[in-house]
Amino acid sequence: GENVEQHPSTLSVQEGDSAVIKCTYSDSASNYFPWYKQELGKGPQLIIDIRSNVGEKKDQRIAVTLNKTAKHFSLHITETQPEDSAVYFCAAETGGFKTIFGAGTRLFVKA
Amino acid sequence: DTGVSQDPRHKITKRGQNVTFRCDPISEHNRLYWYRQTLGQGPEFLTYFQNEAQLEKSRLLSDRFSAERPKGSFSTLEIQRTEQGDSAMYLCASGNQETQYFGPGTRLLVL
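Residues numbered from 1 in each chain as written. Chains lettered and ligands numbered in written order. Predicted model: local features only at pLDDT ≥ 70, side-chain atom pairs only at ≥ 80, totals over all residues. Heavy atoms only, no water.

Concerning the nonpolar core
- A:W35, A:F73, A:L75, A:Y88 and A:L107 are the most contacted members of the largest nonpolar core, which has 24 residues in total.
- Of all elements in the fold, only β2 (10-14), β3 (19-25), β4 (32-38), β5 (45-51), β7 (62-67), β8 (72-77), β9 (86-94) and β11 (105-110) of chain A reach the threshold of two or more residues within this core.
- Formed by 19 residues, the second largest nonpolar core is a distinct cluster that contains B:L61, B:A67, B:I79 and B:L108. (Core = buried A, V, L, I, M, F, W, Y, C linked by side-chain atoms within 4.5 Å. Buried < 20%, exposed > 50% of the residue type's maximum accessible area, 1.4 Å probe, protein only. Helix = DSSP H or I, 4+ residues; strand = E, 2+ residues; numbered from the N terminus.)

So this is what it looks like as structure tokens:
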């Protein structure tokens with residue numbers, strides 16, 4: 001069945017450094033790839049997304065890249081801050097409604 | 001705050017009892033989703049509504065689970081004869097296209 005793998009499961013960086021989270025997906029029909037940030041006790045919050053007709057998208061300190069041939073997509077956070085500490089989820093959507101999530105990456109930003 | 005609300009935020013129940021959760025989506029959104037999230041995992045898709053029509057149900061949704069969205073507005077998720085394995089966070093999301101906006105979730109603990 002459809003699957004999204006996410007790495008690493010835990011990531012610790014120093015404040016100001018960059019953080020990179022990588023995902024791979026199995027369903028070649030997937031065409032929408034959102035990234036969510038989830039803080040303790042809250043629901044996931046959309047931070048950036050990319051559609052299959054685009055290779056890269058940037059929003060301030062956050063960027064996402066997509067390689068449809070390899071079925072890889074990545075989240076890049078630059079100049080990390082302590083408030084970036086959270087769990088980040090990648091996801092792949094197929095058919096307009098079915099979204100498969102990765103298992104999450106717990107990011108720690110040390111001040 | 002995304003504008004999606006869920007009630008209750010927390011529910012403790014005894015095994016065998018029935019529970020019902022409510023989701024109020026963003027008013028202009030026609031899509032509504034339910035997910036289940038267990039500790040250390042990403043959200044798992046349960047079911048999807050387009051307006052009042054339930055268009056897809058996951059195999060995770062056993063016959064003890066039922067969801068409704070009367071009049072295409074709020075939605076309810078009912079779990080009958082709860083089991084300890086039902087303990088999880090139940091998340092609701094709404095949207096108009098691919099983008100989904102999540103509520104804060106209902107955390108269920110079955111004793």
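A few points about the state of the cysteines
- Overall, the coordinates contain two disulfides over all chains when judged by the stated rule.
- Note that A:C23 is cross-linked by a disulfide to A:C90, the S-S spacing being 1.9 Å. Residues A:C23 and A:C90 are joined through a disulfide that is left-handed, its torsion about the S-S bond being -100°. Here A:C90 lies in strand β9 and A:C23 lies in strand β3, a separation of 67 residues in the sequence.
- Since its relative accessible area comes to 2%, A:C23 is described here as buried.
- Judged by relative accessible area, which is 0%, A:C90 ranks as buried.
- Put simply, B:C23 and B:C92 are joined by a disulfide, and their sulfur atoms are 1.8 Å apart. Since a negative S-S torsion denotes a left-handed disulfide, the B:C23-B:C92 link at about -65° is left-handed. (Disulfide = S-S within 2.5 Å.)

Some remarks on the packing of aromatic side chains
- Using the criterion set out here, one finds 13 aromatic pairs over all chains in the structure.
- Seen in terms of ring centroids, A:W35 and A:F73 are 5.6 Å apart; in terms of plane orientation they differ by 65°. Their pairing is edge-to-face. Residue A:W35 is located in strand β4, and its partner A:F73 is located in strand β8; the two are separated by 38 residues in the primary sequence. Here the two residues A:W35 and A:F73 agree in accessibility, since each one is buried.
- Taking 5.1 Å as the distance between ring centres and 35° as the angle between the ring planes, the aromatic pair formed by B:Y33 and B:Y48 counts as tilted. Residue B:Y33 is located in strand β4 (residues 31-37), and its partner B:Y48 is located in strand β5 (residues 44-50); the two are separated by 15 residues in the primary sequence.
- Of the residues examined, B:Y48 reaches a relative accessible area of 3% and is grouped as buried.
- Through pairs of rings, three or more aromatic residues link up here, namely A:Y36, A:F101, B:Y33, B:Y35, B:F45, B:Y48 and B:F102.
- Directly above the aromatic system of B:F74 lies the positively charged group of B:R22, at a separation of 3.9 Å from the ring centroid. (Phe/Tyr/Trp six-rings, centres within 6.5 Å; stacked < 30°, edge-to-face > 60°. Lys NZ or Arg CZ within 6 Å of the ring centre and 35° of its normal.)

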